[in-house]
Amino acid sequence: MSASEVLVRVFCVSVLVGFCAQCRPEENSPMTRAERHRLREETRDMFYHAYRAYMENAYPADELMPLSCKGRYRGLTPNRGDIDDCLGNFSLTLIDTLDSLVVLGDLEEFEHAVKLVIKDVSFDNDVVVSVFETNIRVLGGLLSAHILADYLQQRDGIMAWYKGELLNMAKDVGYRLLPAFNTTTGIPHSRVNMKYGLKSDRLESARETCTACAGSMILEMAALSRLTGEPIFEEKAHKAMDELWKMRHRSSDLMGTVLNVHSGDWVRRDSGVGAGIDSYYEYCLKAYILLGDNKYLHRFNRHYNAVMKYISQGPMLLDVHMHRPHTNSRNYMDALLAFWPGLQVLKGDLKPAVETHEMLYQVMQRHTFIPEAFTTDFQVHWGNHPLRPEFLESTYFLYGATNDPYYLEVGRTVLNSLQKYARVPCGYAAVNDVRTRKQEDRMDSFVLSETLKYLYLLFADKEDLILNLDEFIFTTEGHLLPLSLAGYNGNKTVTDLDVEEGEFARICPNTLQLFPETVRKPLQNMVDGMCPKRNTKRRLTATEFSASNINHLKMIKDMGINIIALSDGRVQLLHTFSSARSSADAEEGLLFMQEMMELSKLQTQQLDASPQSVTFTIKDQILTVQACPSQFGRNLQGEQKVTARTMIIHPFRACSDLVQTEVIKGKIAIMERGDCMFVDKARKVQKHGAVGAIIIDNTPGSSAATSPMFSMSGDGTDDVTIPTVFLFAQDASKLLFALSRDPSIEVTIGEYKNEGETWAHSEEESMFHKLKVSVQEFLNKHTGIAFSKSVKVGSFKASLGSDKIRITYEEGEEGKVSVGDTVTTPQWVQVRKDLLKSIMTSESKELYVPLNILRIYYQTLSDDPMEDKRVQDTVKQAEWLLNQLSIELANKDALIKPEENVKVLSVLTDFSQLAGKDDFSDLEDKETLKALNSILESVAKDVKFKKEHLGAVMKKLQEADDELVVSDVKPKDKDRDTSEINNSDSEHIQTKINHAVDEL
């Protein structure tokens, strides 16, 4: 059995992945007309989201790279091997999408796109392409667009300017493909150079091609001949199909997948209906439907009977050896076989079509998408999913044949998966692995030409369409060819060898009315039946599990489950079937994972744990921060509070034996997250008499404003009675700073009081700010424009970025300066001088100031009204600072010899470089660290404001979004010589500076 990886993150709010999508899928009631129309319009929006992303970011490239948001050009972007053979630098996606625009009724954009193709596209390119892909995508796209343009011109009188230019382009492509047919057998080469044909050693020596590649030319080539009157294209394609028919195994009527184009020998004799052979069978039937040639119906019936006899095994379709058809050649299926139920609908054999489709749908439900290959026990064999259309194609044909609303629900499921896991700001990205849902920088042209086209048609009514699709047939690429092409010539051949008349040779095999629900019901649990059954006594359940129990850890390891501690403090459980001690242990591991997921869901639904708060005093100011509650211990509500002095536990994570336990009694214990469970920490301090517990985050920079709130999980044992809360890092730093100023302050734990509308407004403003920042970062990354706005005051100009401003001085640009009301102190005057000197002494005459520093300057030193200070107006703050610099520039004393702390100011301008350093071994780096430490210290110690202003400054520093960590070195340390600083002091300073830089 293949490895099945199920991922569950516990002790957090959300569960990441599912397990066995539905063990009992139920039939759905009919979808309302309004809901169906809503899904149709959502699909239309999906199409234009992808189409506009391509046109605005990639055209005239062949494809869009949705994660990079740029075009993929052959020879310019990194080569991906054979997958790039469909690219020819001929705007592949636009050509492939032309008829989709008509299906959606957008005739204006269709006309615009046709003009672009005529004007911009050339096929005279020195590039080697796949004959098969170029035929079905480019030639088919041009022919379909020509037919529709001509049809709309005659029916609706539009596009009067069109004179058959697309047909001429199609003929050009056809002639460029013809050299590929120059083989001994007449079966085409797999590749050709668009400019030089086969004139290269590599192409001439190539001998192998796949059955589908050689046998999927007849529809497009025949249409080209019948539209242009030049029979050579159809003749070449008929010749290739005749040779392939001769190569079938005469006793089994099966075909192999890879052959030699010169000798006609099979290279690979695997026979199936998936990759390498799929569209050959499809074109045998559709050649009969489009061209009316009876030999193709006869051939298809022979092949179809062989497939149903040897390859079809219930709902599954398994490859066999063509010469030993009772022997399977592999134990997995590929996603391309999903076209088969749709072909069976055209054949009229609905019962097996319903069965195979249902099997595929359950595979999709289990894995979110149908993986490129999956095993016979429905595990992932190859997890890639490039947003293929075949399953939707079959869903569309089954709904059309049965009118069963079940298939509308199938379409809704596919739509939701695409929207949730594939949609990106720049189109739709392929899924690299359905197990992890990691995306791939790839959007194939068939996403627009087929996937979204079939999804739209599934939800559309006939009256919604401007075409009668009953008059057309879909090619394997989803292009429309009219059935009237059969009348363009009388080339209907009947040979004595090919014709096999019989009672049922020309009728659908299902003569009774079919009810798909009755066919699906026996298959309800086919895939999901792989879920393990509870037929043995359980060794360990999720509710009994404790991460601190060594026996439990050994048991889950035997089940194939590994525990991984994540950097953000969460725990990840990873189950690998093949890692289990036995298959029985592996099955119990799956059950354990399912229970753990349900337990996590249950914990997220528990609403009895009210958000908590931690309140303390800092410089005569009362500060309250929000805290996460716990699912164990006492949850404080209403007026319930616990107030006490605090004790920082040693060791800080409280997972081993505690020291100084005698002083814990009666205090609120402060510990750090990590190394053991939350509830174990609470038990330890409760044992030594603590009246409460505060656990602080070990992830730098986290805060309640930016991180999701959660409840700390217990282990099912209800023996903790003290209130236990969790503080994120930035909120905890405020508490630790207050304790560093006064260790004797009391801390109160209580219920968090929501401030109502004020809170909601600030939350909304915060989310809007994050959105603006993310948009700006995107623009910075893709345009190189780092500063979106600029402000000019006097000789100074400020360019505003997402996290800092750049101040530049321009000589000879003196302007009028307004002197506003500003708190002017000797310290602020000195800071202004330092800022000005940093600008004037730099070669580029510029200075970078972080936005959080600018905000603190403005809010504490400007005398603007308080309501103006609360608004995050960076432009106004920058204008104020430039005005202050202009005032200082006007002062003749501004250009005196720089003081020592100019060096300190320069540190702020380059702190981003400092943050990137890992090695602070040299003396200059240590001095820089000391300098930055000094300026942070000066905020608390050296600024001699009035008492009330100092309180305001400290409050602003502690409330800043980007937290400042203020050092608390004793005054005597400042007088020590650098040479006397010992290693521990240096490490202390370095740690504090690193924290400060991180938080800045």
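Heads up: the structure comes first, above all this text.
Note that this is a predicted model, so its numbers are computed, not measured.

All right, on to the state of the cysteines then. As used here, a disulfide is simply a covalent bond connecting the sulfur atoms of two cysteines. For the structure on display, the rule yields three disulfides. Two residues, Cys210 and Cys213, share a disulfide whose sulfurs are 2.2 Å apart. Between Cys210 and Cys213, the S-S dihedral sits near 90 degrees, and the bridge is therefore right-handed. Like Cys213, Cys210 is buried. Each sulfur in the disulfide pair Cys655 and Cys676 lies 2.0 Å from the other. The disulfide joining Cys655 to Cys676 has a torsion of about -80 degrees about its S-S bond and is therefore left-handed.

What follows deals with the sheet that holds strand β8 (residues 266–268). Here three strands make up an open sheet; going across it, the order is β6-β7-β8 and the pairing antiparallel. Strands at the two margins of the open sheet, each flanked by one partner only, are β6 (208–210) and β8. Put simply, the sheet's adjacent strands are angled 35 degrees from each other on average, direction ignored. In this sheet, β8 lies alongside strand β7 (residues 258–260) in antiparallel orientation, the contact comprising two bridges. Directly across from Leu259, in β8, lies its bridge partner Trp266.

The next subject is helix α10 (residues 278–291). The terminal C-alpha atoms of α10 lie 20 Å apart, and with 14 residues this matches the ideal 20 Å at 1.5 Å per residue to within 8%. In α10, a bend of some 25 degrees at Leu285 exceeds every other bend along the element. Across the 14 residues of α10, 12 count as buried, placing the element largely inside the fold. Looking only at α10, the buried set comprises Asp278, Ser279, Tyr280, Tyr281, Glu282, Tyr283, Cys284, Leu285, Lys286, Ala287, Leu290 and Leu291. Of the residues one or two after α10, Gly292 is the one with positive phi, at around 75 degrees.

The next point concerns the packing of aromatic side chains. Think of a pair of aromatic rings as described by two things: how far the centres are apart, and how the planes are tilted against each other in angle. Considering all chains together, one arrives at 25 aromatic pairs under this definition. Their ring planes at 10 degrees and their centres at 5.8 Å tell us that Phe47 and Tyr51 sit as a pair that is stacked. With Phe47 and Tyr51 both in helix α1 (residues 33–57), this residue pair falls four residues apart, about one helical turn. Neither residue differs from the other here; Phe47 and Tyr51 are each classed as buried. Each ring, one from Phe339 and one from Trp340, has its centre 5.9 Å from the other, and the planes form 80 degrees; the classification is edge-to-face. Assigned by exposure class, Phe339 and Trp340 land together as buried.

Our focus in this paragraph is the sheet that holds strand β13 (residues 324–328). Pairing is antiparallel across the open sheet formed by three strands, whose spatial order is β9-β12-β13. With one partner strand each, in any of the chains shown, β9 (270–271) and β13 form the two edges of the open sheet. Bridge analysis of strand β12 (residues 320–321) against β13 gives two bridges, and the strand direction is antiparallel. Across the sheet, residue Val320 finds its bridge partner in β13, namely Asn328.

Before going further, it helps to examine unusual backbone geometry. Looking along the chain, the bond that leaves Tyr59 and enters Pro60 is cis, with omega of 10 degrees. The topology assignment puts Pro60 in the loop between α1 and β2 (63–65). Cis geometry marks the peptide bond from His650 to Pro651, where omega comes out at 0 degrees. Although it is not a glycine, Cys69 sits at a positive phi angle of roughly 60 degrees.

Now for the packing of helix α5 (residues 165–177) against helix α8 (residues 218–228). Taken N-terminus to C-terminus, the directions of α5 and α8 make an angle of 125 degrees; their axes are 11 Å apart at the nearest point. The orientation of α5 with respect to α8, classified from their angle, is oblique. The interaxial crossing formed by α5 with α8 has left-handed handedness. Of the residues in α8, those touching α5 at Leu167, Ala170, Lys171, Gly174 and Leu177 are Met221, Leu224, Leu227 and Thr228. When grouped by side-chain class, the residues that make up the contact of α5 with α8 number six nonpolar, two polar and one charged.

The next subject is the pattern of salt bridges. Tallied over the full model, the rule gives 52 salt bridges. Ionic pairing is found between Asp45 and Arg423, a salt bridge with its closest N-O pair at 3.3 Å. Taken together, the residues span a long stretch of sequence, with Asp45 in helix α1 and Arg423 in strand β17 (residues 423–424) at a distance of 378 residues. For Asp45, a relative accessible area of 42% gives the class partly exposed. Its relative accessible area of 28% is what places Arg423 among the partly exposed residues. The partner of Arg268 in a salt bridge is Asp270, with the nearest N and O atoms 3.6 Å apart. Overall, the relative accessible area of 42% leaves Arg268 in the partly exposed class. Owing to a relative accessible area of 14%, Asp270 belongs among the buried residues under this scheme. One continuous salt-bridge network, built from bridges that share partners, spans Glu35, Arg38, Glu42, Glu409 and Arg412.

About the thresholds
Residues numbered from 1 in each chain as written. Predicted model: local features only at pLDDT ≥ 70, side-chain atom pairs only at ≥ 80, totals over all residues. Heavy atoms only, no water. Disulfide = S-S within 2.5 Å. Buried < 20%, exposed > 50% of the residue type's maximum accessible area, 1.4 Å probe, protein only. Pairing = 2+ DSSP bridges. Helix = DSSP H or I, 4+ residues; strand = E, 2+ residues; numbered from the N terminus. Axes fitted to C-alpha atoms, helices over the stretch in contact; angles between N-to-C directions. Expected span 1.5 Å × (residues − 1). Bend = angle between axes of the 7 residues up to and from the residue. Phe/Tyr/Trp six-rings, centres within 6.5 Å; stacked < 30°, edge-to-face > 60°. Parallel < 35°, antiparallel > 145°, perpendicular 65-115°, else oblique. Left-handed = near helix turned anticlockwise from the far one by under 90°. Contact = heavy atoms within 4.5 Å. Nonpolar A, V, L, I, M, F, W, Y, C, P; charged D, E, K, R; others polar. Salt bridge = Lys/Arg side-chain N within 4 Å of Asp/Glu carboxyl O.

Scope: geometric values only; no functional claims are made or implied.
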